[in-house]
Amino acid sequence: MGPDMTAPPAVGCFGLSKTFGGGMEAVRPFDLVFDAGKTTALVGPSGCGKSTILRLIAGLEDPSAGRVEIAGAPPSETLKSAGLSIAFQDPSLLPWRTVRGNIELALRLARQPVDRSAVDQLVALVGLDGFADTRPAELSGGMRQRAAIARALATGPQLLLLDEPFGAVDELTRHQLTQDLPRIWEARGTTALLVTHSVSEAVMLSDRIVVLSPRPAEVVDDISVHLPRPREPGVARLPDFAALADRVSEALARGMAAGRPSLAAQ
């Protein structure tokens, strides 16, 4: 039986691990369940396996051991039902299609009706108003990234995977997007998994932060974020926000220290 994608799905990782050719262990066996309808941030040092975990959850990589379940079914079932969208660091826009054309293609592939007005509203929301008929080669890297985020949101996915979604955008745009975009997936009750290097971004966007060690990825800390929603800019000035950011930073430091070989072993 396929997953019920009329409701936001829980995502389960059970004994999940990944070792690439040559014996490089990217993800060490771990068990995690990501709550339905919540936003979880994965935070860890560069190269620790965060993006690999997203690819395993999306069914784009096969695990070396263990399994992923989305609403109790394999990722392939969720992909068949078009219940999952991904926005990776590489926007991967089709160069011969305009911004609007790339977004509309996602809707057609998901066998959803194309509402031109709704597409244009989404284009404006990600700050690309006036660029809907522009091809990717004429856009900056940050603008292409925003177009990819709009494409991922267009189908109204019940599971949204975001890999450094704001990494290529300027600071002012990043600030605006972190205010505007979560309202879309929160209103839909979407289950969202977010990979980020930014501690403040993780605290601002998520309901839960999973801190990972250097490769191979292991869980260092699992932190619940109890801050009011919607999160206005002023929330970043609250003592609770600062305390959460400190805890994430401390967990990152612990993970780095544990993963660093001792001088005696060198």
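Up top is the structure these notes are about.
Every value quoted in this text rests on a predicted model; they were computed, and no experiment measured them. (Residues numbered from 1 in each chain as written. Predicted model: local features only at pLDDT ≥ 70, side-chain atom pairs only at ≥ 80, totals over all residues. Heavy atoms only, no water.)

Engineer: So what exactly am I meant to see when it comes to the environment of threonine 155 here?
Structural biologist: Looking at the secondary structure, you find threonine 155 in the loop between helix H5 (141-154) and strand S6 (159-163). Excluding residues within four positions of it along the chain, threonine 155 makes contact with Ser85, Ala106, Leu107, Ala110 and Gln112. (Helix = DSSP H or I, 4+ residues; strand = E, 2+ residues; numbered from the N terminus. Contact = heavy atoms within 4.5 Å.)

Engineer: What am I meant to see in helix H6 (residues 171-187) here?
Structural biologist: The periodicity of an α-helix, 3.6 residues per turn, causes residues three or four positions apart to be oriented the same way. In this model, H6 (17 residues) spans 25 Å end to end at C-alpha, consistent with the 24 Å of a helix rising 1.5 Å per residue. Within H6, the axis deviates most sharply at leucine 177, by approximately 30°. Three or more residues of H6 are buried, namely Thr173, Arg174, Leu177, Thr178, Gln179, Leu181, Pro182, Ile184 and Trp185. Looking one or two residues beyond H6, the residue adopting positive phi is glycine 189, at roughly 70°. (Expected span 1.5 Å × (residues − 1). Bend = angle between axes of the 7 residues up to and from the residue. Buried < 20%, exposed > 50% of the residue type's maximum accessible area, 1.4 Å probe, protein only.)

Engineer: How do you make sense of the pattern of salt bridges when you look at a structure like this?
Structural biologist: Where charged atoms from two side chains of opposite charge come close, those side chains can pair. Following the criterion strictly, the structure yields 14 salt bridges and no others. A salt bridge links glutamate 61 to lysine 18; the nearest nitrogen and oxygen atoms lie 3.7 Å apart. Of the two residues, glutamate 61 sits in the loop between helix H1 (50-58) and strand S4 (65-70) while lysine 18 sits in strand S1 (residues 11-20), which places them 43 residues apart along the sequence. Salt-bridge contacts for arginine 247 lead to aspartate 221; the nearest nitrogen and oxygen are separated by 3.0 Å. (Salt bridge = Lys/Arg side-chain N within 4 Å of Asp/Glu carboxyl O.)

Engineer: I tried to follow the packing of helix H3 (residues 99-109) against helix H4 (residues 116-125) on my own but got confused; where do I start?
Structural biologist: For any two helices packed against each other, the geometry is given by the interaxial angle and the distance between the axes. Contact geometry of H3 with H4 gives a least axis separation of 10 Å together with a crossing angle of 120°. Here H4 runs oblique to H3, going by the angle between their axes. For the crossing formed where H3 meets H4, the hand is right-handed. Within the contact between the two elements, H3 uses Val99, Arg100, Ile103, Glu104 and Leu107 and H4 uses Arg116, Val119, Asp120 and Val123. In the contact of H3 with H4, the residues fall into five nonpolar, no polar and four charged. (Axes fitted to C-alpha atoms, helices over the stretch in contact; angles between N-to-C directions. Parallel < 35°, antiparallel > 145°, perpendicular 65-115°, else oblique. Left-handed = near helix turned anticlockwise from the far one by under 90°. Nonpolar A, V, L, I, M, F, W, Y, C, P; charged D, E, K, R; others polar.)

Engineer: How do you make sense of the nonpolar core when you look at a structure like this?
Structural biologist: Inside soluble globular proteins, nonpolar side chains tend to come together where they are buried. The biggest cluster of nonpolar side chains holds 49 residues, and the ones touching the most others in it are Leu153, Leu181, Ile209 and Val248. In terms of residue count, H5 provides more of this core than any other element does, eight residues in total. Setting aside residues no more than four positions away along its own chain, leucine 153 makes contact with Leu122, Leu160, Leu181, Ile184, Trp185 and Arg188. In terms of nonpolar packing, the next biggest core, distinct from the first, is built from 25 residues, Ala26, Leu84, Leu193 and Ala217 among them. (Core = buried A, V, L, I, M, F, W, Y, C linked by side-chain atoms within 4.5 Å.)

Engineer: Please explain the sheet that holds strand S9 (residues 219-224) as it appears in this structure.
Structural biologist: Taken in spatial order, the six strands of this open sheet run S5-S6-S7-S3-S8-S9, and their pairing is mixed. Each end of this open sheet is capped by a strand with a single partner; those strands are strand S5 (84-87) and S9. Within this sheet the neighbouring strands show an average axis-to-axis angle of 15°, counted without direction. Inspection of the sheet shows strand S8 (residues 208-212) paired to S9 by five bridges, in the antiparallel sense. By the bridge assignment, arginine 208 is partnered in S9 with serine 224. Along the sheet face, H1 touches strand S3 (39-43), S5, S6, strand S7 (191-196) and S8 and points at about 155° away from the line of S6. (Pairing = 2+ DSSP bridges.)

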